[in-house]
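Here is how the chains run, residue by residue.
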Amino acid sequence: MAMAFTSILRYLIYVSYLILVISVLGEQQNTTCATGAEMHVISHIDWPGNDTDHRTSMSQTACEQLCLQNCSCTVAIYANLDNGEHCWVKAMPLGTSRQDDTRIALVKVYNVVSAMPSKEKKEGKGLMVTGIILMVCSIVFAASLLLIWIYKCRPKLESLKEHHKANPVGLKAFSYQEISTATGGFKHEIGRGGFGKVYKGVLSDGRAIAVKKLDDLVKQGGHKDVEKEFRTEMGIIGATHHKNLVQLYGFCDQGSNKILVYEYMPTGSLDRVLFKVRGNLDWVLRVQIALEIARGILYLHEECTAPILHCDIKPQNILLDENYHAKIGDFGISKLIGREQTRTFTVARGTVGYIAPEWQKSMAVTVKVDVYSFGVVLLEIICCRKMFELQVPEDEMILCDWVYDCFKYGRLVKLVEQQECRSVDAAQLERMVLVGLWCIQEDLSLRPSIKKVVQMLEGTIEIRVPPHPASSS
């Protein structure tokens with residue numbers, strides 16, 4: 001349909017253009033012998049070659065008349081030489097002019113409007129009007145065809161639009177067989193989340209990958225939930241590019257097989273390093289990881305085309321590469337918000353212990369929910385323990401209360417004294433504790449923006465003493 005439409009439009013425009021050209025050429029042909037033509041004199045110029053007539057013993061005036069009466073004459077060259085007077089009549093196309101002091105160029109110039117006979121003018125105008133009318137009709141006809149084509153193809157266009165939404169630029173569409181081969185038949189499971197399992201694999205080009213397979217849990221979450229999870233994560237991560245976000249290589253969407261293909265992070269998740277392999281993370285790395293997580297959230301909140309709420313910042317969703325650089329992953333429950341929209345209503349989501357208080361109260365949520373979750377993660381990074389622990393003294397069970405008490409009574413060293421960590425910087429420790437306590441304030445208006453969090457962690461702005469996180473409520 002599109003090719004036929006293009007061919008018809010091209011043909012109509014060509015015919016219209018041809019009529020206009022013929023009409024213009026007709027006018028030019030009629031005006032060539034016009035009685036109103038005049039001869040203009042240009043001294044010391046000659047156009048060698050292309051002579052149609054040559055006369056001798058002819059004055060300059062006679063040479064001019066000869067050119068005026070000759071329809072093909074464009075220029076006449078007059079010369080009074082030793083052997084007498086000469087007149088050369090020349091037609092188009094003219095060659096290259098040259099200077100000649102013995103010769104005079106007589107150029108024929110005419111006025112199309114004044115010189116054209118009335119009958120010929122009418123015929124020329126008629127051709128031009130016909131051409132213009134036909135061209136206008138062609139454009140109208142082409143526009144009509146275009147509207148019909150759009151109307152008939154609208155369902156297909158909508159389908160393509162939806163396909164584009166679900167297939168962001170830069171993502172590869174893998175076949176199920178490709179992914180099955182890369183993972184060895186989904187044999188090496190390296191983790192699982194609320195909607196699917198994660199497997200390790202290797203692509204044909206040698207890149208190690210982490211494959212998130214969602215279709216196994218269709219019965220658990222319902223097909224619509226899994227479909228929404230799949231399209232949300234693919235659409236959001238496919239449009240983001242930052243060194244502190246896990247890179248999405250591609251996807252597979254074949255029937256019930258919903259698969260996301262990520263870069264592989266060899267060190268694994270932050271929760272494994274913090275809580276399961278204690279003593280493995282020295283202080284310098286903890287400071288680095290905390291700052292990189294904050295920078296990743298800053299990108300989501302303020303540097304994307306549309307701000308993104310991650311909604312589930314926790315150690316399990318922070319992945320580490322071979323050099324312990326942190327990258328945020330698992331965008332499955334993320335929410336896009338417009339630049340002009342600062343608050344949004346949505347059902348409570350995320351993980352207990354990391355959810356901001358306003359979410360639990362069904363209040364409108366803002367980017368401050370991610371700031372709260374980051375504050376919890378920051379305190380866990382500092383202390384290498386979870387927010388709630390039972391195998392500790394009673395006054396240490398709730399991490400935020402224990403951290404605040406240690407700060408209030410000048411005993412921050414207690415937070416790290418049982419760790420195999422000999423390089424703790426006291427000033428950095430206090431700064432990170434203060435940032436964490438500000439981030440987990442129950443009053444969201446007291447929580448800093450993630451940009452200020454980054455600046456405080458970098459030490460570029462001063463940090464005031466925070467109140468107890470729960471005192472404002």
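Above this note sits the structure.
Residues numbered from 1 in each chain as written. Predicted model: local features only at pLDDT ≥ 70, side-chain atom pairs only at ≥ 80, totals over all residues. Heavy atoms only, no water.

**Here's the deal with the sheet that holds strand 8 (residues 197–202)**
Strands sit in the order 6-10-11-9-8-7 across an open sheet of six strands; the sheet is mixed. With one partner strand each, in any of the chains shown, strand 6 (172–173) and strand 7 (189–192) form the two edges of the open sheet. Judged from the two bridges that link them, strand 6 and strand 10 (residues 248–254) form a sheet pairing that is parallel. Looking across to strand 10, one finds that K172 is bridged to G250. (Pairing = 2+ DSSP bridges. Helix = DSSP H or I, 4+ residues; strand = E, 2+ residues; numbered from the N terminus.)

**Quick word on the side chain of S180**
Secondary-structure assignment places S180 in helix 5 (residues 176–182). Among the residues examined, S180 registers a relative accessible area of 16% and is labelled buried. Not counting the four nearest positions on each side in its chain, S180 is found in contact with G185 and F186. (Buried < 20%, exposed > 50% of the residue type's maximum accessible area, 1.4 Å probe, protein only. Contact = heavy atoms within 4.5 Å.)

**Quick look at the packing of helix 11 (residues 368–383) against helix 12 (residues 399–408)**
Taken N-terminus to C-terminus, the directions of helix 11 and helix 12 make an angle of 65 degrees; their axes are 11 Å apart at the nearest point. As summarised for this structure, helix 11 and helix 12 are arranged roughly perpendicular, according to the angle between their axes. For helix 11 against helix 12, the interelement crossing comes out left-handed. Contacts from L379, E380 and C383 of helix 11 reach helix 12 at L399, C400, W402 and V403. (Axes fitted to C-alpha atoms, helices over the stretch in contact; angles between N-to-C directions. Parallel < 35°, antiparallel > 145°, perpendicular 65-115°, else oblique. Left-handed = near helix turned anticlockwise from the far one by under 90°.)

**A short note on the state of the cysteines**
Taken as a whole, this structure holds two disulfides when the rule is applied. One disulfide in the model links C63 with C87; its S-S distance is 2.0 Å. An S-S torsion of about 75 degrees defines the bridge between C63 and C87 as right-handed. A residue pair is termed long-range when its members are at least 10 positions apart, and C63 in helix 2 (residues 60–69) and C87 in strand 4 (residues 84–90) qualify at 24 residues. (Disulfide = S-S within 2.5 Å.)

**Considering the packing of aromatic side chains**
Using the criterion set out here, one finds two aromatic pairs in the structure. Relative to F186, the ring of Y176 has its centre 5.7 Å away and its plane inclined at 35 degrees; by these criteria the two rings are tilted. Taken as a pair, Y176 in helix 5 and F186 in the loop between helix 5 and strand 7 lie far apart in primary sequence, ten residues in all. A relative accessible area of 26% places Y176 in the partly exposed class. Between F186 and Y199, the aromatic rings sit 5.4 Å apart at their centres with planes inclined by 75 degrees, giving edge-to-face as the arrangement. In this pair, F186 sits in the loop between helix 5 and strand 7 while Y199 sits in strand 8, placing the two residues 13 residues apart along the sequence. Every member of this aromatic cluster is reached through a ring pair, and the members are Y176, F186 and Y199. Above the face of the F186 ring, K213 is positioned so that its terminal group lies 5.1 Å from the ring centre. (Phe/Tyr/Trp six-rings, centres within 6.5 Å; stacked < 30°, edge-to-face > 60°. Lys NZ or Arg CZ within 6 Å of the ring centre and 35° of its normal.)

**Some remarks on unusual backbone geometry**
Positive phi, close to 60 degrees, is recorded for N50, a residue that is not glycine. On the secondary structure map, N50 appears in the loop between strand 1 (38–46) and strand 2 (51–56). In this structure N50 comes out as partly exposed when scored by relative accessible area, which is 38%.

**Focus on the pattern of salt bridges**
Using the criterion set out here, one finds 13 salt bridges in the structure. The partner of D53 in a salt bridge is R55, and the shortest N-O contact between them spans 3.0 Å. Across the salt bridge formed by R103 and D100, the nearest N and O atoms sit 3.5 Å from each other. The burial state of R103 is the same as that of D100; both residues are buried. (Salt bridge = Lys/Arg side-chain N within 4 Å of Asp/Glu carboxyl O.)

**Brief notes about the sheet that holds strand 1**
The strands that make up a sheet pair up through hydrogen bonds in the backbone, lying either parallel or antiparallel. An order of 1-5-3-4-2 is seen for the five strands of this open sheet, with the pairing classed as antiparallel. Two strands in the sheet have a free side with no partner beyond their single neighbour: strand 1 and strand 2. For this sheet the average axis-to-axis angle between neighbouring strands, irrespective of direction, equals 20 degrees. Pairing geometry for strand 3 (residues 75–81) and strand 4, over seven bridges, is antiparallel. Across the sheet, the residue bridging to I77 is W88, located in strand 4.

**A short note on a nonpolar patch on the surface**
A cluster of nonpolar residues, I132, V136 and V140, forms a patch on the protein surface that exposes about 260 Å² of accessible area. As for its position among the elements, V136 is in helix 4 (residues 118–166). Relative accessible area serves as the criterion here: at 46%, V136 is assigned to the partly exposed category. (Patch = residues over 30% accessible without salt bridge, like charges linked within 9 Å, V, L, I, M, F, W, Y side chains within 5 Å. Areas by Shrake-Rupley, 256 points an atom, 1.4 Å probe, with all protein chains shown as cover.)

**A look at the pairing of strand 10**
Among the seven residues in strand 10, five count as buried, and that is most of the element. Where strand 10 and strand 11 (residues 257–263) come together, six bridges link them in antiparallel fashion. Each residue of the ladder has a partner; that of F251, found in strand 11, is L260. Linkage of strand 10 to strand 11, two consecutive antiparallel strands, is achieved through a turn of two residues, within which G255 is found at a positive phi near 60 degrees.

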